[in-house]
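# Summary of the model geometry
Spelled out from the first residue to the last, the chains are:
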Amino acid sequence: GERREIYRLEAGATLEEGRVSEQARLPLLVPFLYVVGQVNGEPAVLAGTRFERLGPFARAWQWRGQAPQGAGQCAVGERLAAGFRVGPGSRLKVEYAGRALELQIAAVIATGSSEDHQLLLPLEALQALAGLAGRVSQLQLIAPGTAGEVESARARIAAALGDAAEVRLLRPVAESSARVLQKIKGLLFAASAVVLGIIGLCV
C-alpha cells in the first residue's frame, strides 16, 4: 500500500535551503532554523519555520490561539510559556548576538516533544535576527509511495547532498501513521461486513 514518510535533513551547522530544495525535488518542504538566544533575558531555543507549511507535520499539535500571521508574532511551547507565565497576546523580547526584536504571542502549543520548550517564529525573522539569511538547520519533507519508492527517494536525496546533511526517516512517525492506516482499514472492512450481513438478512 501507499506510505507517507517524513524525513529530517540535518547538519551540524546550517544548510543552504535553496540547494536542498532543488536536490529533494519534492513539493512540500518545511524548514527549521535553530539558535540559542534569550527570551526576556533568559536562555531559550529559538526555532524559525514557515507556519503556512506546517499542516501535515503538526496535525497532532494542540494550539491555544492561532498560528502566527506576521513577522511580529510567534508561538510558544507550553513549557516555555509556563516558565514565563505568558499566553496568547503577551509580548516577549527576543535577543540574539546583540540584536533584539519584540514579538507578540499568537499561540501556545503543546506537542509532547521538544517544541514545548521552544519559541517558534517566522523563519525569515529569525534568519535576519541571527544573520543567517537563506540558511536552515533542518528540513522536513513528506515522500509519498510504497516502501521501496520511499527508500529510493531517501537514497537519491542522500546521494545528491553527500556529506552536506544527514537524511533519515522519522520511524516513530512513520510507524504511527502505518498503525492508524491499518486501524482505519480494519474498521472499513468490519463496516462492509456488517452492511453485507444486513443485506443478506433482508434478502
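A quick note: this is a predicted structure, and the numbers were derived from the prediction, not measured. (Residues numbered from 1 in each chain as written. Predicted model: local features only at pLDDT ≥ 70, side-chain atom pairs only at ≥ 80, totals over all residues. Heavy atoms only, no water.)

### Topic: the overall build of the protein chain
What the protein chain contains, in helices and strands, is five helices and ten strands. Counting every position in the protein chain, which comprises 203 residues, the buried fraction comes to 38%. For the protein chain, the computed accessible surface area is about 11100 Å², with 54% contributed by carbon and sulfur atoms. (Helix = DSSP H or I, 4+ residues; strand = E, 2+ residues; numbered from the N terminus. Buried < 20%, exposed > 50% of the residue type's maximum accessible area, 1.4 Å probe, protein only. Areas by Shrake-Rupley, 256 points an atom, 1.4 Å probe, with all protein chains shown as cover.)

### So, the nonpolar core
Formed by 33 residues in total, the largest nonpolar core has its most connected members in Leu46, Val76, Leu119 and Leu121. By residue number, the principal contributor to this core is helix α3 (residues 123-130), which donates five residues. Once you skip the residues sitting within four places of it in the chain, Leu119 turns out to touch Val39, Val45, Leu46, Ala47, Cys74, Ala75, Val76, Leu80, Leu92, Val94 and Leu103. Phe32, Trp61, Leu120 and Ile142 belong to the second-largest nonpolar core, a separate cluster that totals twelve residues. (Core = buried A, V, L, I, M, F, W, Y, C linked by side-chain atoms within 4.5 Å. Contact = heavy atoms within 4.5 Å.)

### So, the confidence of the model for the protein chain
This prediction gives the protein chain a mean pLDDT of 80; 73% of its residues lie at or above 70. Predicted confidence is poor over residues 1-12, with pLDDT under 50, and the contacts of this stretch with residues over four places away or in other chains come to 64 contacts. Below pLDDT 50 for its whole length, residues 171-181 participates in four contacts with residues either more than four positions away or in separate chains. (pLDDT = per-residue confidence, 0-100.)

### Here's the deal with the packing of aromatic side chains
Tallied over the entire structure, the rule returns two aromatic pairs. Taking 6.0 Å as the distance between ring centres and 5 degrees as the angle between the ring planes, the aromatic pair formed by Phe32 and Tyr34 counts as stacked. By relative accessible area, which is 4% here, Phe32 ends up buried. A residue is classified by how much of its surface remains accessible, and Tyr34, at 27% relative accessible area, is partly exposed. (Phe/Tyr/Trp six-rings, centres within 6.5 Å; stacked < 30°, edge-to-face > 60°.)

### Examining the side chain of Gln118
Following the sequence through the fold, Gln118 ends up in strand β8 (residues 118-122). By relative accessible area, which is 8% here, Gln118 ends up buried.

### Examining the environment of Pro68
The residue Pro68 is located in the loop between β4 (62-65) and β5 (73-77) in this model. In this structure the C-alpha to C-alpha distance between Pro68 and Leu121, which are 53 residues apart in sequence, comes to 7.5 Å.

### Topic: the pairing of β8
Most of β8 is tucked away: five of the five residues are buried. One ladder, built from five bridges, connects strand β3 (residues 42-49) with β8; its direction is parallel. Considered in β8, the bridge of Val45 is made with Gln118. Both β5 and β8 contribute to a ladder of two bridges, which runs antiparallel. When the sheet's bridge partners are listed, Val76 is paired in β8 with Leu119. (Pairing = 2+ DSSP bridges.)

### Some points on the environment of Glu115
You can see Glu115 is positioned in the loop between β7 (99-110) and β8. Relative accessible area serves as the criterion here: at 12%, Glu115 is assigned to the buried category. When near neighbours in sequence (up to four residues on either side) are disregarded, Glu115 contacts Trp61, Gly77, Ile109 and Leu120. Within the structure, Glu115 has its side chain in polar contact with the side chain of Thr111 (distance 3.2 Å). (Polar contact = N/O pair within 3.5 Å; in protein donor to acceptor, adjacent residues only side chain to side chain.)

### Observations regarding the pattern of salt bridges
Counting across every chain of the model gives two salt bridges. Measuring nitrogen to oxygen at the nearest pair gives 2.8 Å for the salt bridge that ties Glu124 to Arg50. Highlighted residues: Glu124 in helix α3 and Arg50 in the loop between β3 and β4, separated in sequence by 74 residues. A relative accessible area of 43% places Glu124 in the partly exposed class. The exposure class of Arg50 is buried, given its relative accessible area of 14%. Note that Glu102 is salt-bridged to Arg91, the shortest N-O span being 2.6 Å. With Glu102 in strand β7 and Arg91 in strand β6 (residues 91-96), this residue pair connects regions lying eleven residues apart in the sequence. (Salt bridge = Lys/Arg side-chain N within 4 Å of Asp/Glu carboxyl O.)

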